[in-house]
Amino acid sequence: MTSIVPAILPFALIGVPIDSVGGSGGTELSPARLRDLGSWSEIAEQDRGDLPINIRDRARDPETGIIGARDVIHVTEVLRREVAACLNEGFRPILLGGCCTQIVGALAGVRDVIGRTGVAYLDGHLDLYDGVTSPTGEAADMPLAAALGHGAKKLIDAAGGASLRPEDVALLGPRDVEDAASRGSILPEHFSPAIPLWTNEDIAAEGAAQVAADVRAGFEAARLPFWLAVDVDIIDQAAFLATDYLMPGGLSWESFASLFKGLAQSPQLLWISFACYNPEKDAGLRDGRRLAQLVIASLQEQQP
């Protein structure tokens, strides 16, 4: 394992053009579009291009319960290798996705290089389904569960086993807890120890800036490098329309920006990923432009 001090490493972009629905378009278009909407060279020393991957098969595999299972496993294997290579070459990855399917392989690559890592997981959903309980069969329903070693054996094997410990996850912003429970999903409290959870209501009550400060303080006290994983559906549908699974009750843009910025400026930040931005639903590209500008501005402020 390599000893890494995250804040001294430069960033590198990696495009992850995938959409777990199993067809072309949608979120697989987001890496190219996000590149167009931001001056990424201001924060990233390298652009490693888009990975040659996609998810094309719309069939739900009877063994794993996953749509496009063969493609999903290939995506996991490719991302595992690419993220490990990026870290070994001395860069912190910024993954421009794509959908949350990217998480399983990417976290596996981090584990392969540095071992134990944490994750601040910003998402409107728990992402703790498996191939049996998922209502859609999309791999984006289940990445956090798989990273914790729960789910389809073929997917977990492709990642080399679990990449996370439950206590090293900060699950921020889900608002589907009751629905997931009704469908038989594993829940944060079912893990031992339980996954630390701040729902959208918790963040509203405590304040996004305070939650960010508390989460980063935990990672910093443990000297644990962490990944900032963002699914844009953490944001309320009234504030961000360019995603496929719109839900009311999410964070305002201002709260999301405060939460993201507070976490992104931690010296323990190892890498960042973005998921579920769909440029086909972004009239005038307002949402994508705001997202790119927020990220670039936040990371510029982090630079020494």
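Computed from a predicted structure; not experimentally measured.

Draft legend 1. Main features of the environment of L241. Summarising the element assignment, L241 is placed in the loop between β7 (226-231) and α9 (253-264). Between the C-alpha atoms of L241 and N278, which are 37 residues apart in sequence, the distance is 8.9 Å. Excluding its chain neighbours within four sequence positions, the residues that come into contact with L241 are L246, K281 and D287.

Draft legend 2. Highlighting the pattern of salt bridges. All told, the structure shown has 15 salt bridges when counted by the stated rule. Among the ionic pairs, D287 bridges to R286, the shortest N-O distance being 3.5 Å. Relative accessible area serves as the criterion here: at 46%, R286 is assigned to the partly exposed category. Taken together, the shared-partner salt bridges in this structure form one network comprising R35, D47 and D50.

Draft legend 3. Representation of α9. Spanning 12 residues, α9 covers 16 Å between terminal C-alpha atoms, matching the ideal 16 Å at 1.5 Å per step. Among the residues of α9, those classed as buried are W253, F256, A257, L259, F260, L263 and A264. All buried residues of α9 lie within an arc of 165° about the axis, which places them on one face of the element.

Draft legend 4. Expanded view of the sheet that holds strand β2 (residues 44-50). Pairing is parallel in the open sheet, where 8 strands are placed in the order β2-β1-β3-β8-β7-β4-β5-β6. With one partner strand each, in any of the chains shown, β2 and β6 (197-198) form the two edges of the open sheet. Here 4 bridges tie strand β1 (residues 11-16) to β2, and the two strands are oriented parallel to one another. Within β2, the residue paired with L13 across the bridge is D47. Packed onto the sheet, α9 meets β4 (118-122), β5 (169-172), β7 and β8 (269-275) and runs at close to 160° relative to β7.

Basis of the calculations
- Residues numbered from 1 in each chain as written.
- Predicted model: local features only at pLDDT ≥ 70, side-chain atom pairs only at ≥ 80, totals over all residues.
- Heavy atoms only, no water.
- Helix = DSSP H or I, 4+ residues; strand = E, 2+ residues; numbered from the N terminus.
- Contact = heavy atoms within 4.5 Å.
- Salt bridge = Lys/Arg side-chain N within 4 Å of Asp/Glu carboxyl O.
- Buried < 20%, exposed > 50% of the residue type's maximum accessible area, 1.4 Å probe, protein only.
- Expected span 1.5 Å × (residues − 1).
- Arc of directions from axis to C-beta.
- Pairing = 2+ DSSP bridges.
- Axes fitted to C-alpha atoms, helices over the stretch in contact; angles between N-to-C directions.

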